[in-house]
Amino acid sequence: MTGPTTTRGQLLLVAGLTTAAALFLAYVPLHRDWFDLGVYYGAVGQWLRDGHIYDFTTPGADGADYGFTYPPFAALCMLPMTLLSWPEAVGVSMLLNVAASAVVLTWLIGPVVRRQGWNMWFALTVAAALFSLLEPVRDTFSFGQVNLLLLVLVLLDARLLATGHGRFAGYGTGLAAAIKLTPAIFIVYLVVTRRWRAAAVATATAVGATLLAVCAAPGASRVYWTEALWDTDRIGVLSYVSNQSWEGVLARLVAPVEPSGAVWAAGVLALLAVWAYRVRQAAAVGDEPAGYALTGIAACLISPITWVHHLVWLIPALIVLAESGLRPDTPPQRRRTLLRSAAVIYVILCSSLVWLWRFDATGVTGFLGSNAYVWICLGLLLALPLREAAPGTAPAPAPAPRSAPTGRPATG
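An unreviewed UniProt entry annotates the chain as DUF2029 domain-containing protein originating from Streptomyces botrytidirepellens. Listed in UniProt under the heading Subcellular location (unreviewed entry), the comment for the chain reads: "Cell membrane".

**Concerning the pattern of salt bridges**
Within the structure shown, the criterion is met by 6 salt bridges. Ionic pairing is found between R387 and D287, a salt bridge with its closest N-O pair at 2.6 Å. Residue R387 is located in the segment after α18 (372-383), and its partner D287 is located in the loop between α13 (261-285) and α14 (288-302); the two are separated by 100 residues in the primary sequence. There is no split in this pair, since R387 and D287 are both buried. With a shortest N-O distance of 3.1 Å, D329 and R327 are connected by a salt bridge. Judged by its relative accessible area of 54%, D329 is exposed.

**Re the packing of aromatic side chains**
Given two aromatic rings, one states the distance between the centres and the angle between the planes to describe the pair. All chains considered together, the criterion is met by 14 aromatic pairs. Between F35 and Y66, the aromatic rings sit 5.7 Å apart at their centres with planes inclined by 85°, giving edge-to-face as the arrangement. With F35 in helix α2 (residues 35-50) and Y66 in strand β2 (residues 65-67), this pair connects stretches of sequence that are 31 residues apart. When its relative accessible area of 23% is taken as the criterion, F35 is described as partly exposed. With a centroid separation of 6.1 Å and 55° between ring planes, the pair formed by Y54 and F68 is classed as tilted. Placement of the pair is Y54 in the loop between α2 and β1 (57-59) and F68 in the loop between β2 and α3 (72-78), with a sequence separation of 14 residues. Given the relative accessible area of 7%, Y54 is considered buried. With relative accessibility at 1%, the residue F68 sits in the buried group. An aromatic cluster of three or more residues is present, and its members are Y40, Y54, F68, Y70, Y224 and W225.

**Considering the nonpolar core**
Membership of the largest hydrophobic core comes to 120 residues, with the highest contact counts inside it found for I53, F68, W275, I297 and L384. For this core, the element with the most residues is α14, which contributes 10 residues. The two domains that each donate at least three residues to this core are domain 1 (32-231) and domain 2 (237-387). When neighbours within four sequence positions are excluded, L384 is seen to be in contact with R278, A290, A293, L294, A317, V320, L321 and G379.

**Some remarks on helix α7 (residues 147-162)**
Taking 1.5 Å of rise per residue, 16 residues should cover 22 Å, and α7 covers 22 Å from first to last C-alpha, within 8% of that figure. Residues N147, L148, L150, L151, V152, V154, L155, D157, A158, L160 and L161 constitute the buried set of α7. One or two steps after α7, the chain reaches G164, where phi turns positive at roughly 80°.

**Overview of the environment of L321**
For L321, the position within the fold is in helix α15 (residues 315-326). The exposure class assigned to L321 is buried, which follows from its relative accessible area of 5%. In this structure the C-alpha to C-alpha distance between L321 and A342, which are 21 residues apart in sequence, comes to 6.1 Å. Not counting residues up to four positions away in its chain, the partners in contact with L321 are L338, S341, A342, I345, L380, L384 and P385.

**A look at a nonpolar patch on the surface**
There is a patch of nonpolar side chains on the surface, built from V207, L211 and V214 and spanning about 230 Å² of accessible area. Examined against the element boundaries, L211 turns out to sit in helix α10 (residues 196-216). On the basis of relative accessible area, L211 is assigned to the partly exposed category, the value being 49%.

**Quick notes on helix α4 (residues 86-116)**
The terminal C-alpha atoms of α4 lie 44 Å apart, and with 31 residues this matches the ideal 45 Å at 1.5 Å per residue to within 8%. A maximum bend of about 40° is found in α4 at I109, where proline P111 lies one to four positions downstream. Within two residues after α4, G117 carries a phi angle of roughly 75°, on the positive side.

**Some remarks on the packing of helix α9 (residues 185-192) against α14**
Their axes nearest at 10 Å, the elements α9 and α14 cross at an angle of 135°. Here α9 is positioned oblique relative to α14, judged by the angle of their axes. Every pair of crossing elements has a handedness; the one defined by α9 and α14 is right-handed. Contacts between α9 and α14 involve I185, F186, Y189 and L190 on the former and, on the latter, E288, G291, Y292, T295, G296, A298, A299 and I302. Considered class by class, the residues forming the contact of α9 with α14 number 8 nonpolar, 3 polar and 1 charged.

**Some remarks on the packing of α13 against α14**
Interhelical geometry of α13 versus α14 gives an angle of 175° and a closest axis separation of 9 Å. The angle between α13 and α14 falls in the class roughly antiparallel. Note on element contacts: α14 touches α13 through A290, G291, L294, T295, A298, L301 and I302, opposite W264, V268, L271, L272, W275, R278, V279 and A282. Of the residues in the contact of α13 with α14, the class split is 12 nonpolar, 2 polar and 1 charged.

Procedures and definitions
- Residues numbered from 1 in each chain as written.
- Predicted model: local features only at pLDDT ≥ 70, side-chain atom pairs only at ≥ 80, totals over all residues.
- Heavy atoms only, no water.
- UniProt positions renumbered as here; feature names shortened; annotations may be inferred.
- Salt bridge = Lys/Arg side-chain N within 4 Å of Asp/Glu carboxyl O.
- Helix = DSSP H or I, 4+ residues; strand = E, 2+ residues; numbered from the N terminus.
- Buried < 20%, exposed > 50% of the residue type's maximum accessible area, 1.4 Å probe, protein only.
- Phe/Tyr/Trp six-rings, centres within 6.5 Å; stacked < 30°, edge-to-face > 60°.
- Core = buried A, V, L, I, M, F, W, Y, C linked by side-chain atoms within 4.5 Å.
- Domains from an automatic or database assignment.
- Contact = heavy atoms within 4.5 Å.
- Expected span 1.5 Å × (residues − 1).
- Patch = residues over 30% accessible without salt bridge, like charges linked within 9 Å, V, L, I, M, F, W, Y side chains within 5 Å.
- Areas by Shrake-Rupley, 256 points an atom, 1.4 Å probe, with all protein chains shown as cover.
- Bend = angle between axes of the 7 residues up to and from the residue.
- Axes fitted to C-alpha atoms, helices over the stretch in contact; angles between N-to-C directions.
- Parallel < 35°, antiparallel > 145°, perpendicular 65-115°, else oblique.
- Left-handed = near helix turned anticlockwise from the far one by under 90°.
- Nonpolar A, V, L, I, M, F, W, Y, C, P; charged D, E, K, R; others polar.

See the structure below:
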């Protein structure tokens, strides 16, 4: 993968693929009209007007009313939006997601490109174009979502730990967990892998940010932690096909009846047990990227609501899978299997396949097809390959087993 060798050729390639990706994101089918950004914008604006952020709702495509579902600290971070007009807010959202995409690709793809000896400009530009085709990515852009930004915060700590700068790790994960609850599982990952300092920093950062929000908005904090957090109805219909989590599977099986909380909790415990076992394996061989990738997969599975755009947390796993197939020490047959698996998963995640069963997920075909992304998550959790640490990299100490939480908050 060499690509153009001249500066002009490289610039033309970058300009061409960037334009193509931008046009695709602007006119992609199933464009979401920045719906989530509109919820943020409207809720934060109402908060400033009357102090009631969690009372704001707006109707969604599935017939449910959607409101602000993040902790008050997230609202504090979004306050600058009130200084912008709506078109300006959309523009800033797009720019932030473009920047986050560039960082994610540089951190995840850059090391692979260097090890393979490919042309960096060519490889990253092609990767950016392919990246924009992924349904979770294009939904993140068209919804105006924040998941790519949170992924950057968490990957910052992964990068610090993997490059021997672990004494600075934890701040990104703590901030991400204070903005949205789902990344809090990465703090548990740090504990399970005995990254005590990073876990303490992440916990202190998350608690500090939350307490800051309590001081700045005591009323909103009380409503969130005692009411809004536990109300899954605020964030949509559990059985809606976009909910690609374990609870989404259960909800579609028993709809219109509510899924059993006990069955959901039992499944979550089983998933966390598998996750803990696998991340301990990753820590034992020093494979930090795989440990983080497995944790992102588990986050998608155990969250009560995992909308399709939340599946950006699968991107590190997809890169780990593909890179494992490119390693020269991988046997040829296994290499072909890994690369084909990565290609198939990529195509499915670009396909919007689950939406074929948006209105009817009954029957065997409906059960399999409407939960396609869940099956991908399960397969990756069970079979994501682990790689030996690079020379000179000490593996993390083998951790002791930890108990798993059983609560079922609404994470949005």
